Amino acid sequence: MEAGEWVGSGGHLVPLLDGHGSDLDASLLRRLYVGHFLARWGARMWDFSVGLYMIRIWPDSLLFAAVYGVVECSSVAVFGPMVGTLVDRLTYLQVLGLWLLVQSLSFIVAGVSVTALLVFDDLKDKSFPVFVLLVSVTNVSGALAALSTLAGTILIEREWVVVICSGHPAAALSKTNSVLRRIDLSCKLLAPVLSGFVISFVSTQASAVALALWNVASVGLQYWLFFSVYNGVPALGENVQLRRKSAASEIVAPANEKQRYGEEMSDWRVGVANYLSILPCWDSWAVYMRQDVMLPGVALAILYFNVLSFGTLMTATLDWNGIPAYLISLARGFSAIVGIAATLLYPVVHSWVSTLRTGLWSIWIQWCFLLLCVGSIWVSDGVASAWMLMAGVAASRLGLWMFDLAVMQMMQDNVRDSDRCVVGGVQNSLQSIFDLLTYIIGIIISDPRTTILNVYDPQDFSLLIAMSFFLVTCAALIYTLHVYLLRKHLFHLDKIIAKLEW
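Because the structure is predicted, anything quoted here is derived from the model rather than measured.

Some points on the overall build of the protein chain
Scanning the protein chain from N- to C-terminus turns up 19 helices and 2 strands. Relative to all contacts within the protein chain whose residues are 6 or more apart in sequence, the contacts with residues 24 or more apart total 80%.

And the structure:
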């Protein structure tokens, strides 16, 4: 065991991070993790259940589920940069209170409106305006919940973690990032199991009520846990003041762009950034364009325009191709387990190679596993093809989540304190734009069994597989270009040649 670590429950190594010396003890770190777990559990319950709610509300069609996805992704895409700017301007405690209040109220309202729609299932026939109103309230509440969750993600994952780990080796930051991502993926694995159990053995209405009650019961505990971490780490209170002083100094005496944002920043990025800065509400995008980590961020965002995940489209296609629901659930669970394994492997790989190379290896590992999905296109047996598709998607999560952690750590390490919240908001906005395109496909293909304009049937999912693989290839090439531009090489050919000669 390395110095500065503590063995927690289950034998996992937990870094003992302190703000200045030994201010933060292991109990505060556990509170951070537990608070993050409670927040992510409620969000993951909703993410899984909302698709089922919408299918129950409008049976035999993915239309309502896809429309909800469009509303949620559009809200994050449009307002994500504003959320990042808001987090940057408010104090940490103000963001914390606003995040938890809006998130919990949004989920409560959404739970109540969904319950009403499910209980009064003939509402669209008897009172269509009320039906539309309740569906609209559900969509708006979900969008507000997504925006508040984004604020919490920026606060905890992009701000607090960086401040807490400052002054410590890079391994401390990578391990903490991995633990937080592992908590999220564990919630993604287990929350659907609980929600699915309630829906299957109790009722869908009971699941919606449970979601609302969960948020009522947990919001106070979440605030106390995060507030105790804030009080236990003096650096969190100091960082806001330092960030504001830094921003003020930039306004009084702005420096040359290339000196401020890195000597290697290309002229085209400066030009685009200056162009974007004159547009209203696009200041955040201009800041994002000036970052040296822009290309890795774009590569990560492109991965969101992808049907090769256990999302609505792929799940519906597998179901309509005759794969039993329990097998799809097991495959989805295995996919989440592979993702959790990635969070365990990432700190190990990061300790061997740099963050930059960890990202390079990770995205190409994902690409290699997705070759299975491409191969499934030419398998004539439908069941065998579906199994190849599920295996390729599940295995590719190993590279995907390691790449996600690598890009996030690059942004934590290379983005200035005064820009970190803004960049985090824009990054999530960009990811939502690409995710939105996936949901638009879901609207076009809202019922693969009946076809839309006679241009689609379940067999044509192979076209979406090819499109997704092409986009992953583009993302991998963009990141590889970034590595080459930064290091001027991809491999140490001299070392490889020396070993071959030996």
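Don't stop here, the text continues.
Examining the packing of helix α5 (residues 128-165) against helix α7 (residues 204-232)
Closest axis-to-axis distance for the α5/α7 pair is 11 Å, and the angle between their directions is 35°. Regarding α5 and α7, the two cross each other, and that crossing is left-handed. On the side of α5, the interface is formed by Ile156, Trp160 and Ile164, while α7 contributes Phe226, Val229 and Tyr230. Residue composition of the contact of α5 with α7, by class: 6 nonpolar, no polar and no charged.

Some details on the pattern of salt bridges
Any two side chains of opposite charge can pair if their charged atoms end up close together. In total, this model carries 7 salt bridges according to the counting rule given. A salt bridge links Asp47 to Arg44, with the shortest nitrogen-to-oxygen separation between them at 3.7 Å. Here Asp47 and its partner Arg44 are both found in helix α1 (residues 26-57), 3 residues apart, which amounts to about one turn of the helix. The closest approach of N and O atoms between Asp419 and Arg416, which form a salt bridge, is 2.9 Å. Because the salt bridges share partners, they merge into one network encompassing Arg40, Arg44, Asp47 and Asp184.

Description of helix α18 (residues 461-487)
Compared with the 39 Å implied by 1.5 Å per residue over 27 residues, the 39 Å span of α18 between its first and last C-alpha is a close match. Positive phi appears at Lys488, one or two residues downstream of α18, with a value of about 65°.

Thoughts on the environment of Asp184
Examined against the element boundaries, Asp184 turns out to sit in helix α6 (residues 170-201). Placed 147 residues apart in sequence, Asp184 and Phe37 show a C-alpha to C-alpha distance of 7.0 Å. Filtering out sequence-adjacent residues up to four positions away, Asp184 remains in contact with Arg40 and Arg44.

Reading guide: rules and limits
- Residues numbered from 1 in each chain as written.
- Predicted model: local features only at pLDDT ≥ 70, side-chain atom pairs only at ≥ 80, totals over all residues.
- Heavy atoms only, no water.
- Helix = DSSP H or I, 4+ residues; strand = E, 2+ residues; numbered from the N terminus.
- Contact = heavy atoms within 4.5 Å.
- Axes fitted to C-alpha atoms, helices over the stretch in contact; angles between N-to-C directions.
- Left-handed = near helix turned anticlockwise from the far one by under 90°.
- Nonpolar A, V, L, I, M, F, W, Y, C, P; charged D, E, K, R; others polar.
- Salt bridge = Lys/Arg side-chain N within 4 Å of Asp/Glu carboxyl O.
- Expected span 1.5 Å × (residues − 1).

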